[in-house]
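# A look at the structure
Below, each chain spelled out in residue letters.
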Amino acid sequence: MNKVILMGRLTRDPDIRYSQNGMAVARYTLAVDRRFARSSDGGGDQQTADFIGCVAFGKSAEFAEKYLHQGTKLAVTGRIQTGSYTNRDGQKVYTTDVVVEDQEFAESKNAMSQNMGGGYRQESRPAPSAAVDDGFMNIPDGVEDEGLPFN
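Residues numbered from 1 in each chain as written. Predicted model: local features only at pLDDT ≥ 70, side-chain atom pairs only at ≥ 80, totals over all residues. Heavy atoms only, no water.

What follows deals with the side chain of Asp 97. Within the secondary structure, Asp 97 is located in strand E8 (residues 92-105). For Asp 97, the side chain forms a polar contact with the side chain of Arg 27, separated by 3.4 Å. In contact with Asp 97, not counting residues within four places along its chain, are Arg 27, Gly 53, Val 55, Arg 79, Ile 80 and Gln 81. (Helix = DSSP H or I, 4+ residues; strand = E, 2+ residues; numbered from the N terminus. Polar contact = N/O pair within 3.5 Å; in protein donor to acceptor, adjacent residues only side chain to side chain. Contact = heavy atoms within 4.5 Å.)

Laid out in structure tokens, this is it:
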């Protein structure tokens, strides 16, 4: 079985190209945090990240072109694909990419816009009178949300 599940942030805007038959191909890199690695100098735990190349085709690539930008936090499922090619210097180059089967936003639009400004800030609840036409209903102030299934 070849199945990959990743969560990370885009290191830059996706690179979108179109094949000769018009199919969109999007390439992007996800920075995926590792839990923690012990430093060898005794300085304690250090956060590290892996930078994983992803490639999406067709509708997934068109979605990436329209909605994904540097810093976007994504959850991606797919499969690992390896390959090789010979570069201009005649050297063989080996590649490993995640072929995207599904990609989803891993944080809210509000948290995403706040994180783009640098640093983490707690997400605030929008005013109940704010009309948002994104298909989600605002929870009015004073309503307890302990009974909601996604807490």
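Bridge count for strand E3 (residues 24-33) against strand E6 (residues 49-57) is nine bridges, and the pairing is antiparallel. Bridge pairing in E6 places Arg 27 opposite Val 55. Where E6 meets E8, two bridges bridge the pair, whose relative direction is parallel. Opposite Cys 54, over in E8, you have Val 98 as the bridge partner. (Pairing = 2+ DSSP bridges.)

We now examine the packing of aromatic side chains. With the rule as written, the count across this model stands at two aromatic pairs. Ring centres of Phe 63 and Tyr 67 lie 5.0 Å apart, and the angle between their planes is 45°; on these two criteria the pair is classed as tilted. In this pair, Phe 63 and Tyr 67 both sit in helix H1 (residues 59-67), four residues apart, roughly one turn of the helix. Under the relative-accessibility criterion, Tyr 67 is labelled partly exposed at 40%. Summarising the aromatic geometry, the rings of Phe 63 and Phe 105 are spaced 5.6 Å apart at their centres and angled 55° between planes, so their arrangement reads as tilted. Pair noted here: Phe 63 is in helix H1 and Phe 105 is in strand E8, with a separation of 42 residues, a long-range link. Assessed through its relative accessible area of 25%, Phe 63 is described here as partly exposed. (Phe/Tyr/Trp six-rings, centres within 6.5 Å; stacked < 30°, edge-to-face > 60°. Buried < 20%, exposed > 50% of the residue type's maximum accessible area, 1.4 Å probe, protein only.)

Our next topic: the nonpolar core. Core analysis: the biggest nonpolar cluster contains 17 residues, and Leu 6, Tyr 28, Leu 30, Cys 54, Leu 74 and Val 76 have the highest contact counts within it. Counting residues per element, the ones that place at least two in this core are strand E1 (4-10), E3, E6, H1, strand E7 (73-86) and E8. Among the elements that line this core, the one with the most residues is E3, at five residues. Filtering out sequence-adjacent residues up to four positions away, Cys 54 remains in contact with Leu 6, Ala 26, Arg 27, Tyr 28, Leu 30, Val 98 and Val 100. (Core = buried A, V, L, I, M, F, W, Y, C linked by side-chain atoms within 4.5 Å.)

A few words now on the pattern of salt bridges. Tallying each qualifying case throughout the model produces five salt bridges. Among the salt bridges present, the one from Arg 9 reaches Glu 107, with a minimum N-O distance of 2.9 Å. Of this pair, Arg 9 sits in strand E1 while Glu 107 is found in the loop between E8 and helix H2 (109-116), placing the two residues 98 residues apart along the sequence. A residue is classified by how much of its surface remains accessible, and Arg 9, at 28% relative accessible area, is partly exposed. For Glu 107, a relative accessible area of 15% gives the class buried. When the shortest N-O distance is used, the salt bridge between Arg 17 and Asp 15 registers 3.3 Å. Given a relative accessible area of 56%, Arg 17 falls into the exposed group. (Salt bridge = Lys/Arg side-chain N within 4 Å of Asp/Glu carboxyl O.)

Right, let's get into H1. Of the positions making up H1, those classed as buried are Ser 60, Ala 61 and Ala 64. Each buried residue of H1 lies within a common arc of 100° when the element is viewed along its axis, so the set occupies one face. Of the exposed residues in H1, those oriented more than 90 degrees away from the buried face are Lys 59 and Lys 66. The inward-facing, buried residues of H1 contact strand E2 (15-18), E3, E6 and E8. (Arc of directions from axis to C-beta.)

Read these as layout, nothing more, since geometry by itself doesn't imply function.
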